[in-house]
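A closer look at the structure
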Amino acid sequence: MIPPQTMTHRQTLYHLSAVGGTGATAVVRAVLAGGFSVLCGITLLAAGGYLASLASPKDLPAPAAVFDVLWTLITDPFYNAGPNDKGIGLQLFASLQRVFTGFAIGSVVAIPLGILLGSNRLVYRLVDPVVQILRPVSPLAWFPIGLATFQSAGNATIFMIFITSLWPTVINTAFGVRSVPITYRQVAQVFHFSRWKYLTKVLLPYSLPHILTGLRLSMGIAWLVIVAGEMLSGGTGIGFFVWDSWNALSLERVMAAILLIGVIGLLLDRGFSFLVNRFSYTETE
Amino acid sequence: MPTSPAYLSLKDVTITFGKGVKAYTAVQGVNLDIAHGEFVSIIGHSGCGKSTLLNLIAGLLKPTAGSVTLDGRAVTGPGPDRGLVFQHHGLLPWLSVFDNVYEALDAVYPKRSKDDKVTEVERMLRLVGLWPHQNKRPAEISGGMKQRTAVARAFAVHPQVLLLDEPFSALDALTKPTLHDALVELWSSDNQSETVVMVTHDIDEAIYLSDRIVVMSNGPRATVGEVVDVHLPRPRDKRAMLHTSEYTDLKDHLLQLLMSRFAHAA
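Read on for a plain summary of the structure.

How each quantity is defined
Residues numbered from 1 in each chain as written. Chains lettered and ligands numbered in written order. Predicted model: local features only at pLDDT ≥ 70, side-chain atom pairs only at ≥ 80, totals over all residues. Pairing = 2+ DSSP bridges. Helix = DSSP H or I, 4+ residues; strand = E, 2+ residues; numbered from the N terminus. Contact = placed C-beta atoms within 7 Å. Nonpolar A, V, L, I, M, F, W, Y, C, P; charged D, E, K, R; others polar. Core = buried A, V, L, I, M, F, W, Y, C linked by C-beta atoms within 7 Å. Buried ≥ 20, exposed ≤ 12 C-beta atoms within 10 Å, placed from the backbone.

Some details on the sheet that holds strand β5 (residues 73–74) of chain B
All names here are of chain B. Read from one edge of the open sheet, four strands run β2-β1-β4-β5, paired in antiparallel fashion. In this open sheet, the two strands that pair with only one neighbour each are β2 (24–35) and β5. As paired elements, strand β1 (residues 6–17) and β2 share eight bridges and run antiparallel to each other. Considered in β2, the bridge of Phe17 is made with Tyr24.

Some remarks on the interface of chain A and chain B
In this assembly, 21 residues from chain A lie in contact with 21 residues from chain B. The set of elements that each furnish at least two residues to the side of chain A that touches chain B consists of α8 (182–190), α9 (195–233) and β2 (282–283) of chain A. Considering each element in turn, the side of chain A that touches chain B owes the most residues, six residues, to α8 of chain A. Taken together, the residues of the side of chain A that touches chain B break down into 10 nonpolar, seven polar and four charged.

A closer look at the environment of Val184 of chain B
In this fold, Val184 of chain B is placed in helix α5 (residues 176–189). Spatially, the C-alpha atoms of Val184 of chain B and Arg236 of chain B are 9.7 Å apart, while their sequence positions differ by 52 residues.

Examining the nonpolar core
Counting residues in hydrophobic clusters, the biggest one holds 132 residues, and the most contacted among them are Ile57, Val101, Val151, Leu163 and Val197 of chain B. Once residues lying within four places of it in the same chain are set aside, the contact partners of Val197 of chain B are Ile34, Val40, Ile42, Leu54, Ile57, Val161 and Leu163 of chain B.

So, to be careful, I would describe these as geometric facts and stop short of saying anything about function.
What follows is the structure, encoded as structure tokens:
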């Protein structure tokens, strides 16, 4: 049966953020908290930059220099002056394109696989050990396999993102499907729900917050991995940009790229967080 | 002591959970015949296997021995001919009140036209007074409204037998009577042709609603202790009924059964 307390998915799942309260007070609180954390971040960054400049004044850039470079980068993001000199917007766009392609293919495989794993005990027992062995493998290890298979660094990077995107989605989807409460299954039995109706009206709506949480985690890791992947693959992308800037001995550009990577990662995560909340429901006694 | 031939029939039903030393026999040797259109309550202490019996009729449980037949056919699994109102409503939290009823109706009658089904859902929700709340999700309505939705859902598919598993036990004393009236309203709207089996531990509720009350002995190995007939004429008036000798005698008798003959061991 349903546990006696009222619970929402926001509380049950390992979410990275929690916003309490309701209505206007929550908004005020969120704005205050957001403002405070931005302030903290800037202070930390400035302090860190200052300390670093004390330690080795010649190697690390001062914050002001970083913001100068960042400003130049973001005010002219889409210029294209040959294969080794493109605007930051184009680089980010190339990275995002790879991430979304790999992530989309990965999700298309992972969600049905997760549903299968979650609904069939035998399949779960057979496939889960494989998932558990492959999951801890750094996605970068798959890069050579991708290269050998596709003979193209770009496609190998997408392949790597594909592998990355699989595990959290498979595991969370399977968990969601496995945990459909017996009451809901009995409701479907008593009213003779067809397989299709059970899938669309019980199983998927129940599992959706879990699936979206899996997708959110997958996207987070994919965005982490793309930088390393593009450092290996070269060509275009924000990872290549970071490595190219290091080779050009411009740590200002590296620092500026780090800030941009962080902001875009945050925006991606917020997007999924919004979706999770949008499709959550409240279970009641 | 059914006057008409048995419609729903339990014969020598025994249910044992688990195997070996851990085996637990919840109910043993239950025989019960229920006539068409009869309203029967099953009453008894906690753990006497009331809900087990109901789940058995619903087909969610299979008897270890014995059989259940409905209208001459053996019950082998759950089905829409036996509508079940769950103890905790069992509404799907991601669907609106309307959709909760509609999806059940649609599942049972996939071939009926959509307009037809929408009209039927509206009729049901109006009968239980929930039409103004049709677009709300279960989390947005009160416990009594949720249980009314669950009752409307069960009635909407026009089951041959309606099974109620302590449907009002989670409701407060002021909400309960309105739910009783909603139930009688729905039952009467079908000319009281539905056969109803209700599990309860509320004596007043059992007397007010039932034609017969089955008193269970205590578990383990619970069985039918005594069957009490309720001869109060319908429609019943809850307040007027309280002062009749028939009512007080019945209540006295049931209390005596539950408190001394089948007194709880614990």
